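One letter stands for each residue in the lines below.
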Amino acid sequence: MIVEQIWTANAYRNFNYLVACAQTGEALAIDPLDHEKCLATAKAKGWTIRQILNTHEHRDHTGGNQQMVATTGAQVLAHANAKDKIPGMDRGLSAGDVIKIGKTVELECLDTPGHTMCHICLRAHGDQPALFCGDTLFNAGAGNCHNGGHPNELYQTFATQLAKLPGETLIYPGHDYIARNLAFTLDREPDNAKAKAMLPAMKKQDAGQALVTTLNLEKEINTFFRLTSPSVITRLREAFPDLPDHPSPMTVFLKLRELRNKW
Ligand SMILES: [Zn+2]
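The model shown is predicted, which means the values in this text are computed figures rather than measured ones. (Residues numbered from 1 in each chain as written. Predicted model: local features only at pLDDT ≥ 70, side-chain atom pairs only at ≥ 80, totals over all residues. Heavy atoms only, no water.)

(A) Up close: the packing of aromatic side chains. One pass over the full model with this rule turns up twelve aromatic pairs. Relative to Trp263, the ring of Phe184 lies with its centre 5.3 Å away and its plane at 65°, an arrangement referred to as edge-to-face. Placement of the pair is Phe184 in helix H5 (residues 178–188) and Trp263 in the segment after helix H9 (249–262), with a sequence separation of 79 residues. Aromatic pair Phe224 and Phe253: ring centres 5.3 Å apart, planes at 70°, arrangement edge-to-face. A residue pair is termed long-range when its members are at least 10 positions apart, and Phe224 in the loop between helix H7 (215–221) and helix H8 (230–239) and Phe253 in helix H9 qualify at 29 residues. Assigned by exposure class, Phe224 and Phe253 land together as buried. Looking at Arg260, its charged tip hangs above the ring of Phe184, at a distance of 5.5 Å from the centre. (Phe/Tyr/Trp six-rings, centres within 6.5 Å; stacked < 30°, edge-to-face > 60°. Helix = DSSP H or I, 4+ residues; strand = E, 2+ residues; numbered from the N terminus. Buried < 20%, exposed > 50% of the residue type's maximum accessible area, 1.4 Å probe, protein only. Lys NZ or Arg CZ within 6 Å of the ring centre and 35° of its normal.)

Here is the structure:
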């Protein structure tokens with residue numbers, strides 16, 4: 001499996017992806033908003049884009065579909081329940097479905113509600129596990145729930161699916177928000193030494209050569225995986241004095257999500 005992370009350099013800071021089969025050069029485009037950059041990259045690599053995967057229905061993820069299809073004839077894949085929201089969908093996906101790319105790549109679909117209620121993450125198994133996580137999980141952060149999502153479901157997705165993936169899983173999110181998210185981590189957990197050490201370099205990072213984190217690293221720097229950290233809970237109590245002595249991880253997650261919305 002070859003992964004090309006494509007930095008759009010747009011105001012929304014989107015990452016698009018091409019995932020290709022090394023043997024056949026067939027490729028899947030994930031959320032190819034910047035269809036021109038995706039097509040130029042595929043051309044330079046000698047790849048043929050056969051499929052488009054939309055992680056979810058938001059316009060900054062689907063907005064390149066029409067031109068990508070017009071140019072390549074690619075099939076459009078997305079969550080089965082997005083069929084009334086994404087024009088021209090060819091295949092509706094459910095949990096456990098497999099997307100084949102060429103001869104060598106298979107990606108498993110995870111049904112990951114929360115950011116929206118029809119959000120798919122793609123999981124690559126094998127020697128180098130990877131997760132294409134759209135707007136569910138960001139580097140050092142979590143998706144918002146403003147436009148069709150629900151924080152309870154987002155928590156369930158984190159706790160019952162994402163947190164259980166192998167620690168060495170590479171994380172490929174839909175946007176570059178790492179600097180702002182690390183700052184939020186430090187606001188919530190000022191003694192997080194790892195986040196503190198990373199922030200200066202991440203503020204200066206060229207998103208065209210972005211750091212690819214692992215799930216293990218996320219568990220160190222991502223507040224939304226640090227729900228039982230004593231310093232996270234102590235600091236949270238300053239904002240929510242009624243917080244119980246031993247708040248459930250879900251309560252902590254929901255309060256953190258609420259604070260991040262205002263931050
Ligand atoms: Zn979105």
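(B) Just the coordination of the zinc ion, in detail. At the metal site, the zinc ion is ligated by His56 (NE2), His58 (ND1), His115 (NE2) and Asp135 (OD), and these contacts range over 2.2 to 2.4 Å. Taken together, the four donor atoms coordinating the zinc ion and their angles of 88 to 173° define a geometry best described as irregular. Binding-site remark: the zinc ion is held by donors from one chain whose sequence spacing is H-x1-H-x56-H-x19-D. Here His56, found in the loop between strand S4 (48–53) and helix H2 (59–62), pairs with His115, found in the loop between strand S8 (105–111) and strand S9 (120–124); they are 59 residues apart in sequence, far enough to count as distant. On the basis of relative accessible area, His56 is assigned to the buried category, the value being 1%. (Donors = N, O, S within 2.8 Å, 3.2 Å for Na, K, Ca; no water. Tetrahedral: all angles 85-135°; square planar, octahedral: opposite > 155°, others 65-115°.)

(C) Expanded view of the nonpolar core. Residues Leu131, Leu137 and Phe158 are the most contacted members of the largest nonpolar core, which totals 27 residues. Elements with a contribution of two residues or more to this core: strand S10 (130–134), helix H4 (151–160), H8 and H9. In terms of residue count, the dominant contributor to this core is H9 (four residues). Judged by nonpolar contacts, the second largest core, of 24 residues, contains Trp7, Phe15, Cys21 and Leu107. (Core = buried A, V, L, I, M, F, W, Y, C linked by side-chain atoms within 4.5 Å.)

(D) Up close: the sheet that holds strand S1 (residues 2–7). With mixed pairing, six strands are arranged side by side in an open sheet as S1-S2-S3-S4-S5-S6. Because the sheet does not close on itself, it has two edges, and the strands there are S1 and strand S6 (91–93). Direction aside, neighbouring strands of the sheet carry axes that sit 25° apart on average. By the bridge criterion, six bridges tie S1 to strand S2 (residues 15–20) in an arrangement that is antiparallel. The residue bridging Gln5 from the neighbouring strand is Tyr17, located in S2. (Pairing = 2+ DSSP bridges. Axes fitted to C-alpha atoms, helices over the stretch in contact; angles between N-to-C directions.)

(E) How the structure looks around the pairing of strand S13 (residues 170–173). Where burial is concerned, the two faces of S13 agree: the one with Leu170 and Tyr172 and the one with Ile171 and Pro173 are both buried. Of the pairings in the sheet, the one linking S13 to strand S14 (residues 213–214) comprises two bridges and is antiparallel in character. Within S14, the position partnered with Leu170 by the bridge is Thr214.

(F) Broad picture of the pattern of salt bridges. Within this structure, the stated rule accounts for seven salt bridges. Between Asp176 and Arg13 there is a salt bridge, with the nearest N and O atoms lying 2.6 Å from each other. Here the residue Asp176 occupies a position in the loop between S13 and H5, and Arg13 occupies one in the loop between S1 and S2, the gap between them amounting to 163 residues. Note on Asp176: relative accessible area 8%, which makes it buried. (Salt bridge = Lys/Arg side-chain N within 4 Å of Asp/Glu carboxyl O.)

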